[in-house]
Amino acid sequence: MRLQPRASRSEIAGERDGALLVRVTAPPVDGKANAALCTLLARTAGIAPSRIAVVRGLTGRDKLVRVEGVDAAALRSALGLPATP
């Protein structure tokens, strides 16, 4: 997943180079962008924000995110992404 902080609006912008591109309005200070990422993903997928956590990449743009309680196909569908073959 690739995160772009300080965007003009928070959105899931699709896939780019095999990674999900997410834009958030929050600045990359004190974990605000990571929190905004988790909130956006939770709201879009219809799950609780506590079920989403950034596992790797806390200070970088490239993130590894863990989502609990949802399988990959259902998550991709909820985020509006095409199913993987």
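Above this text you will find the structure in question.
A quick note: this is a predicted structure, and the numbers were derived from the prediction, not measured. (Residues numbered from 1 in each chain as written. Predicted model: local features only at pLDDT ≥ 70, side-chain atom pairs only at ≥ 80, totals over all residues. Heavy atoms only, no water.)

Q: What exactly am I supposed to notice about the layout of surface pockets here?
A: One way to see where empty space is left: roll a probe the size of a water molecule over the atoms. Counted as a void, the largest pocket has a volume near 360 Å³. Looking at the lining of the largest pocket, the elements with two or more residues in it are β3 (19-23), α1 (32-45), β5 (64-67) and α2 (72-78). Along the walls of the second largest pocket sit 13 residues, with Pro 28, Ala 33, Leu 58, Thr 59 and Lys 63 positioned nearest its centre. Among the elements that take part in the lining of the second largest pocket, α1 stands out by supplying three residues, more than any other. Tallied by class, residues from the lining of the second largest pocket come to six nonpolar, four polar and three charged. (1 Å grid on protein atoms, 1.4 Å probe; cavity = no way out; pocket = protein on both sides within 12 Å on 5 of 7 lines; lining within 4 Å. Points joined across faces, edges and corners; volume = space filled by probe spheres on them. Helix = DSSP H or I, 4+ residues; strand = E, 2+ residues; numbered from the N terminus. Nonpolar A, V, L, I, M, F, W, Y, C, P; charged D, E, K, R; others polar.)

Q: So what exactly am I meant to see when it comes to the pairing of β5 here?
A: On a regular strand, one side chain projects to one face of the sheet and the next to the other, so that they alternate. Burial along β5 is one-sided: Val 65 and Val 67 are buried, while Leu 64 and Arg 66, pointing the other way, are not. Here strand β4 (residues 52-56) pairs with β5 via four bridges, running antiparallel. Counterpart to Val 54 in the pairing with β5 is Val 65. (Buried < 20%, exposed > 50% of the residue type's maximum accessible area, 1.4 Å probe, protein only. Pairing = 2+ DSSP bridges.)

Q: Where do I start with α1 in this structure?
A: The periodicity of an α-helix, 3.6 residues per turn, causes residues three or four places apart in sequence to face the same way. The terminal C-alpha atoms of α1 lie 20 Å apart, and with 14 residues this matches the ideal 20 Å at 1.5 Å per residue to within 8%. What α1 keeps buried is the set Ala 33, Asn 34, Leu 37, Cys 38, Leu 40, Leu 41, Ala 42 and Ala 45. Elements in contact with the buried residues of α1: β1 (2-4), β2 (11-16), β3, β4, β5 and α2. Trailing α1 by a residue or two, Gly 46 shows a phi angle of about 75°, which is positive. (Expected span 1.5 Å × (residues − 1). Contact = heavy atoms within 4.5 Å.)

Q: What am I meant to see in the sheet that holds β3 here?
A: Picture the strands of a sheet paired through backbone hydrogen bonds; they go either parallel or antiparallel. The mixed open sheet is built from three strands, whose spatial order is β1-β3-β2. Pairing within the sheet leaves two strands with one partner each, and these edge strands are β1 and β2. Direction aside, the axes of adjacent strands within the sheet are offset by 20° on average. Of the pairings in the sheet, the one linking β1 to β3 comprises three bridges and is parallel in character. Across the sheet, the residue bridging to Arg 2 is Leu 21, located in β3. (Axes fitted to C-alpha atoms, helices over the stretch in contact; angles between N-to-C directions.)

Q: Is there a simple way to think about the nonpolar core in this case?
A: In a soluble, globular protein the nonpolar side chains are often hidden away together inside. If you look at the biggest cluster of nonpolar residues, it comprises 20 residues, and the most contacted ones within it are Val 22, Leu 41 and Ile 52. Counting only elements with at least two residues in this core, the list comes to β3, α1, β4 and β5. Ranked by residue count, the leading element in this core is α1, at seven residues. Other than its neighbours up to four places away in sequence, Leu 41 contacts Met 1, Ile 12, Leu 20, Ile 52, Val 65 and Leu 79. (Core = buried A, V, L, I, M, F, W, Y, C linked by side-chain atoms within 4.5 Å.)

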